[in-house]
Amino acid sequence: MPPPKKVAIIGAGPSGLVTAKTLLHSFPEGTFAPVIFDKQRHIGGLWPIDDHAPTDNAFIHPQMRTNLSRFTVSFSDLAWESVIDGPAVPTFPRACQVGRYLVKYTELYLSRADLRLGQEVVQAARQTDDGPVRWDVQWGETRGTSNNLQSESFDYLVVASGYFATPCTPDIPGLDDFPHRTIHSSALHTAEDIDQFLASRVPRSGNIVVIGASMSGVETASALALHLSSRRHSPKPNTTSSHDYEVHHICSRPFWTVPYFVPAPSTFLPLDLSFYDLDRRPPGPVEYGFGPLSGAQAAKTNDYFRSLLGRDYEGIGSVGVQSTNNPAERVAPSWVAVEDDYAEYIRRGAIKTTVGRASRIYRDGRPRIDITRNDGTVVALDNVAAIVLATGFTPDASLAFLPTEVLSRLEYAPADPALPLVLDGMGTSHADLPELGFVGFYRGPYWGVMEMQARSLARTWVRAGAECGIVMSEETQERKRRERLTVRELRRADPRFASAQFPMGDYVGLMEAFARDLGIERAPLAGGCGSRGPVVPARYTAGGGVERGTGPGLSQAGLTMAALRTALAPTAGHGSSAVAAAVFRALHGAWRFSRVNVDGGVHTGQMTFYPRYPSTGCEKEYVCEGVEDGRKTRCAYQLRGSRIILSPLGLELPFSEVSAEEGRGNLVCSSRAGDYEYLFHFNGVVVSSWECTLSSTCGRTRAVYAR
């Protein structure tokens, strides 16, 4: 029996762990011997495994929620029900819960893996002399010294060190003159972090400017707006920390901001279950879309979001998005950010936006930023108090151990954050370096794709002969060559009009293409569902070209599939946290109301829902400040699971009943609590109006609310 094939895996985050699991469990025992290296002393990569505040070098706060649901943030062979006790598995887990998921995954599947934690790989040399290619890996506890370095030879090397290695600082003239008022968004985790930054570095008034157009830009601007709103509207308002600041967001790209839950025919769904629905694709085999975008593709994406989110939302939920009926007009691709409250902050002026690039920063006098718009005009933003760089990360540090000649063969371009390497195999390999693999090494990696990439590499390597190594057919080599040509074409394309936010962002296409290559049959939804349904990892358990393997993976996938069917078609009469969350989010902002009392008297007024940091035990919270007939009111609304709590009345509103508005297709959500009945009328994701009826022995009082 030949000895196991030794594989060095650099990184103990999700991509490294799923690679080791695949090597150990998808083939007969003894086929592979994986070794996982990580400079951290715990597994998880960016994901924290504890509830407490992050360390200084952590980029993710333990309490931050994922922006994709638990059905997407998971592997095929571990259900969230096996990680979190009880029925209350969160739809969008917190970061520390994701860390615990990875700990459970490690305990369940990696008992035979060699975990070398607290060990940093400093060099991996590719040896091509005297037989098959080998990788000589050097590692130690201290980077940059030759003391206590160890080395070992491996048959294969996997780069699973993560794409988000180092915070990126953009090259903006004048930024270096503004160091004490500048911070990267990854350093602002908590309310205390923000307070400390504002108190120690910046003036007591002015614009807090967020620079960055992608996910983190929207999240950071919203976090700052929430912080200021909380300080102004907390039970004991802190006026000194908030009154004179405004949040301004400079974004270089047009984008849509999408809430966590979006409408479906009879309920609300986590956004990813809608985005990645196979029924959005044409009938037949799903093809992987990769390469420069056309104007028609960009326009089609915008049309999808208008249809999904509703016309009422477009004016506040899209920033700089073009609208055109001319197919010849070039349309800039819109990026996407996931955030519940950004759009409503825009509506009430708590966040102001400018589409363009920060082109110069001036420190003298009243500090200002010049912003160059996409049409070439320049506008100035004055009175800059602080700058928050939500400019993402670079993968440079994650590749530092690779030798220069290997990086040269991979056409490494450190100045290109979107496509730093030219790879084939859907981001897993390079035909000239078949003993080197990449898992999860692209901007915006998905867990399901990581799993597929690991399976693809494992299948290739298990077929390699002891003498001849990896042999590719001419057809395979030609396919890989064409794929690399497409990567180079995308690198050269005009980034304003041809580059997607995530170059490998076709998650559905990637999953289906990998499944075809590997001979994995997608599991049907079953349960009488006639649709093809959403792509989730649990639907792609190993088979075909990858052996079934061992362990409890299939039963775990069954647990996830049962939960998925419930989410897609909730049982009547059971509370829906998705509906409650959608209603609660849509209350944000100002409303006019008219109330008709039992005696026929009409009373009018206004009420405004201001977000603030939630109290213990609730997920979100508003303070509602109103004026009715000249009298001021103030109360709190809280979101707790599938219920909205109204503190002034002691009401708990459960949400389960959803119907489609006759003739229009918009959803109507209803709730009853005692003598109160509430109806919320939606247009897409926006509540266009809502009403409250109180029935008593004396008659009915009805109030109607509108923007």
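So, here's what we can say about the structure. All values reported here derive from a predicted model rather than from experimental measurement.

Digging into the overall build of the protein chain
Secondary structure summary: the protein chain contains 14 helices and 34 strands in total. A compact globule built from 707 residues should have a C-alpha radius of gyration of about 27 Å, and the protein chain, at 27 Å, falls within 12% of that. Across its three principal directions, the C-alpha atoms of the protein chain cover 95 × 65 × 55 Å. A buried classification covers 52% of the 707 residues belonging to the protein chain. Considering only intrachain contacts with a sequence separation of at least 6, the fraction spanning at least 24 residues in the protein chain is 67%. As displayed, the protein chain offers around 30600 Å² of accessible surface, 49% of which is attributable to carbon and sulfur atoms. The average position of the 72 basic charges and that of the 75 acidic charges among the side chains of the protein chain differ by 3 Å.

Regarding unusual backbone geometry
You will see that E411, though not glycine, has its phi angle at about 55°, which is positive. Looking at the secondary structure, you find E411 in the loop between α9 (404–409) and β23 (436–438). Phi at M426 takes a positive value of approximately 55°, unusual for a residue other than glycine. Following the sequence through the fold, M426 ends up in the loop between α9 and β23.

Considerations on the packing of helix α3 (residues 191–201) against helix α4 (residues 215–233)
One way to put it is that α3 packs onto α4 with a least axis distance of 11 Å and a crossing angle of 85°. With respect to α4, the element α3 is oriented roughly perpendicular. Where α3 approaches α4, its residues A191, I194 and D195 are matched on the opposing element by A223, L224, H227 and R231. Residues that form the contact of α3 with α4 fall into these classes: 4 nonpolar, 1 polar and 2 charged.

With respect to the sheet that holds strand β21 (residues 384–389)
Pairing within the open sheet is parallel, and its 5 strands lie in the order β9-β21-β10-β11-β17. The outermost strands of the open sheet, each flanked by one partner alone, are β9 (182–184) and β17 (351–355). Strand-to-strand twist across the sheet, computed as the mean angle between neighbouring axes with direction ignored, equals 25°. Where strand β11 (residues 245–251) lies against β17, 5 bridges are found, and the strand directions are parallel. Considered in β17, the bridge of H248 is made with K352. Contacting β9, β10 (206–211), β11 and β21, α3 runs over the sheet at an angle of about 160° to β9. Seen against the sheet, α4 touches β10, β11, β17 and β21 and runs at an angle of roughly 170° to β11.

Definitions and limits used
Residues numbered from 1 in each chain as written. Predicted model: local features only at pLDDT ≥ 70, side-chain atom pairs only at ≥ 80, totals over all residues. Heavy atoms only, no water. Helix = DSSP H or I, 4+ residues; strand = E, 2+ residues; numbered from the N terminus. Rg over C-alpha atoms; globule rule 2.2 N^0.38 Å. Buried < 20%, exposed > 50% of the residue type's maximum accessible area, 1.4 Å probe, protein only. Contact = heavy atoms within 4.5 Å. Areas by Shrake-Rupley, 256 points an atom, 1.4 Å probe, with all protein chains shown as cover. Lys, Arg positive; Asp, Glu negative; His and termini not counted. Charge placed at Lys NZ, Arg CZ, Asp CG, Glu CD. Axes fitted to C-alpha atoms, helices over the stretch in contact; angles between N-to-C directions. Parallel < 35°, antiparallel > 145°, perpendicular 65-115°, else oblique. Nonpolar A, V, L, I, M, F, W, Y, C, P; charged D, E, K, R; others polar. Pairing = 2+ DSSP bridges.

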